[in-house]
Amino acid sequence: MKKSLCKKTALLMAALMAAMAVTTGCSKGGGEETSGTGTTENGQEAAEDAAGKKDILNVGISAEPSTLDPHIQSGQATRLIKQQIYRGLMTYQEDSSIAPDAAESYEVSEDGLTYTFQLREEITFQDGTPVTAEDVVFTIDRIMDESVAATFGSDFRSIVDHAEADGETAVKIILQKPCAPFLEYLCLPEAAIVSKAFCEENGNDLSNAAMGCGPYSFEGWEKGLSITVQSYDGWYGQEVQTPEIDFYFYADETTRANALRTGEVDLIDYVPSKEAIAFEEDESAQVYVSVAPFMCLQINCKEGSPLADPKVRQAIAYAVNRDDVINAAFMGRGEALYGFPTIKGQSGYDGKYDNYFSYDPEKAKELLTEAGYPDGFSCKLLSSSTYAFHEQTAICVQASLEAVGIDVEVELPDWATRIERSNTGDYDLMVSGTTGNIVDMDWCTNYYESGDVRMNSCPGFADAEIDELLEKGRTTLDETERAAIYDQFRERALELSPFVFINFREQVFASSDKVHGFKNLDGILTYLSGLTLQDTYVEE
């Protein structure tokens, strides 16, 4: 067995692979400047010639994109593609630190309200036109435009006052109030820089057209089959290792795994547990495992529904048999979640809420009776047939809830439909597999803050205390104070339970043993692992 990444530990895959450059510290007040590369580097490999490397990397992904718009999150599979085409001002490094990317450097004013970014010299979009401050201003405005429905639009609207150009290559982003994790939001793939001219040419519709300043240019989309990207000669970062990447769509997990076995593809995403076990025993395969994503139920809390009552939501938390989910959906590879999905030691967390709930069907029935539903009620549970672990989680939850009197109808559309419905809040209960979008605990804002319906939020949920704590956590700069704020937030979030957390799970990729350079980044950053495809190649 060749296993390149073990649980919660990032390991080197091969002797030829080197780490990404970590070249940043924290930008401080008083105009201190911080700079860095913001790109992955394989120093020794980059010096080698292309001999012995295939010209094409074939990647089998689990879903065809519902959109290529970089400002709309439509799943990990689509992110793998978008991360080749687009880049933003900032980026995460593999150790979770942050560094400038399309920006060469940045400064933060003493009051923490003005961020000034200097763009890289001669940075261009893939049509050869320069990336300008005007493009960055347009990008920030586009993310904040409610008509675009950007995934993190509500976050940017609550943080940013406005952006303005300071000449051709410098841009200022002025905040409404200090925001401790603001630079992390600029690291998100959904904060990528877009060309103002390109957007205007396409009527601001980027669902089927793509052009950014990343290492690969969009070459074509054969609907139902594949998307092709090719290396961009004007890319400002380290030279890519493979000239072309073809992403093939395999919704069926068995077909996807067999495509790797037969050599149709070199690398696959979303490897289910049964296939991960099989590949771990296969000398010709490599398995890359990261643990951080968690499974949960998102609950529509709209008024007039039984689910609007916190006691009903707590009843669901007590009713779900998490061990059944882990065994059925993940073949025993997972960790039950009875509290909030914060790992002990993260953001000052001491583990006090790890066992806030338990598996207790009788307690669930008591709470349902107290809420006025002694005989239960009926509802629908949205999941997807695209991913077996989503479907199996739904079936297990259905059985758990029916055991306490809640009659559940499971809905299993394809992934694109499921994403569309999650974006509009069209569900009662929904199975979700997710993780924090940024490393900072402010990731919770996009999930719990009241307001517009978002992919990550629970429709109809609003709580003044939650909103106040999230606002304090975001705007407080002292880390000790922030830890205390988020401790209060976790307790309140569990009390109200718009989300019911089920288990931590593995995020698994697999490849042939001829693949070098790919990394499944650890923890939350697993969803940014596409950044390492520029360093990935297949030996002849």
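In the block above lies the structure referred to throughout.
Residues numbered from 1 in each chain as written. Predicted model: local features only at pLDDT ≥ 70, side-chain atom pairs only at ≥ 80, totals over all residues. Heavy atoms only, no water.

A.B. asks: Even after reading the chapter, I still don't get the side chain of Ser-384, so can you show me in this structure?
C.D. replies: Structurally, the position occupied by Ser-384 is in the loop between β16 (378-382) and α12 (388-402). By relative accessible area, Ser-384 is classed as buried at 0%. Polar side-chain contacts of Ser-384 include one of 3.1 Å to the backbone nitrogen of Thr-386. A polar atom in the side chain of Ser-384 sits 3.0 Å from the backbone oxygen of Pro-413. Residues contacting Ser-384, with those up to four places away along its chain left out, are His-390, Glu-391, Glu-411, Leu-412, Pro-413, Asp-414, Trp-415 and Arg-418. (Helix = DSSP H or I, 4+ residues; strand = E, 2+ residues; numbered from the N terminus. Buried < 20%, exposed > 50% of the residue type's maximum accessible area, 1.4 Å probe, protein only. Polar contact = N/O pair within 3.5 Å; in protein donor to acceptor, adjacent residues only side chain to side chain. Contact = heavy atoms within 4.5 Å.)

A.B. asks: Just checking my understanding: could you explain the state of the cysteines for this structure?
C.D. replies: Cysteine pairs can be linked by a disulfide, which is a covalent bond between their two sulfur atoms. Scanning the entire structure with this criterion turns up zero disulfides. Lacking any disulfide linkage, Cys-444 is separated from the closest cysteine sulfur, that of Cys-296, by 12 Å. (Disulfide = S-S within 2.5 Å.)

A.B. asks: What's the story with the pairing of β16 in this structure? I'm lost.
C.D. replies: Along a regular strand, successive side chains alternate from one face of the sheet to the other. Relative to strand β17 (residues 407-411), β16 is paired through five bridges, and the arrangement is parallel. By the bridge assignment, Leu-381 is partnered in β17 with Val-410. Handedness of the β16-α12-β17 crossover: right-handed. Note that β16 and strand β18 (residues 429-434) share two bridges and pair parallel. Directly across from Leu-382, in β18, lies its bridge partner Met-430. (Pairing = 2+ DSSP bridges. Right-handed = clockwise from strand over helix to strand, strands pointing away.)

A.B. asks: Explain the nonpolar core to me, please; I cannot follow it from the model alone.
C.D. replies: Buried together is how nonpolar side chains tend to be arranged in soluble globular proteins. Core analysis: the largest hydrophobic core is formed by 150 residues, its most contacted members being Phe-117, Phe-156, Tyr-448 and Phe-489. Sequence-distant contacts of Phe-489, that is, excluding residues within four places in its chain, are made with Phe-340, Met-441, Cys-444, Tyr-448, Ile-466, Leu-469 and Leu-470. (Core = buried A, V, L, I, M, F, W, Y, C linked by side-chain atoms within 4.5 Å.)

A.B. asks: What am I meant to see in the packing of aromatic side chains here?
C.D. replies: The relation between two aromatic rings is expressed through the spacing of the ring centres and the mutual angle of the planes. According to the stated counting rule, one finds 28 aromatic pairs in the structure shown. Each ring, one from Phe-499 and one from Phe-501, has its centre 6.0 Å from the other, and the planes form 10 degrees; the classification is stacked. Each member of the pair, Phe-499 as well as Phe-501, is classed as buried. Three or more aromatic residues joined by ring pairs form one cluster here, namely Phe-294, Phe-340, Trp-443, Tyr-447, Tyr-448, Phe-461, Tyr-486, Phe-489, Phe-499 and Phe-501. Sitting over the ring of Trp-221, Lys-223 keeps its end group 4.2 Å from the ring centre. Looking at Arg-261, its charged tip hangs above the ring of Phe-279, at a distance of 4.6 Å from the centre. (Phe/Tyr/Trp six-rings, centres within 6.5 Å; stacked < 30°, edge-to-face > 60°. Lys NZ or Arg CZ within 6 Å of the ring centre and 35° of its normal.)

A.B. asks: What am I meant to see in helix α16 (residues 479-496) here?
C.D. replies: Along an α-helix, a turn takes 3.6 residues, which lines up residues three or four apart on a common side. The first and last C-alpha atoms of α16 sit 26 Å apart over 18 residues, in line with the 26 Å expected at 1.5 Å per residue. Within α16 the residues assigned to the buried category are Arg-482, Ile-485, Tyr-486, Asp-487, Phe-489, Arg-490, Arg-492, Ala-493, Leu-494 and Leu-496. At its buried positions, α16 is contacted by α9 (310-319), α14 (443-448) and α15 (464-475). N-capping of α16 is provided by Asp-478, with a side-chain oxygen placed 3.1 Å from the backbone N of Thr-480. (Expected span 1.5 Å × (residues − 1).)

A.B. asks: Explain the pattern of salt bridges here, please?
C.D. replies: Under the criterion given, the structure shown has 27 salt bridges. In this structure, Asp-101 engages Arg-87 in a salt bridge whose closest nitrogen and oxygen atoms are separated by 3.7 Å. Remark: Arg-87 occurs in the loop between α2 (76-85) and β4 (90-92) and Asp-101 occurs in the loop between β5 (98-100) and β6 (103-108); sequence separation between them is 14 residues. Among the salt bridges present, the one from Glu-134 reaches Lys-196, with a minimum N-O distance of 2.8 Å. Residue Glu-134 is located in helix α3 (residues 133-144), and its partner Lys-196 is located in helix α6 (residues 196-201); the two are separated by 62 residues in the primary sequence. Overall, the relative accessible area of 46% leaves Glu-134 in the partly exposed class. (Salt bridge = Lys/Arg side-chain N within 4 Å of Asp/Glu carboxyl O.)

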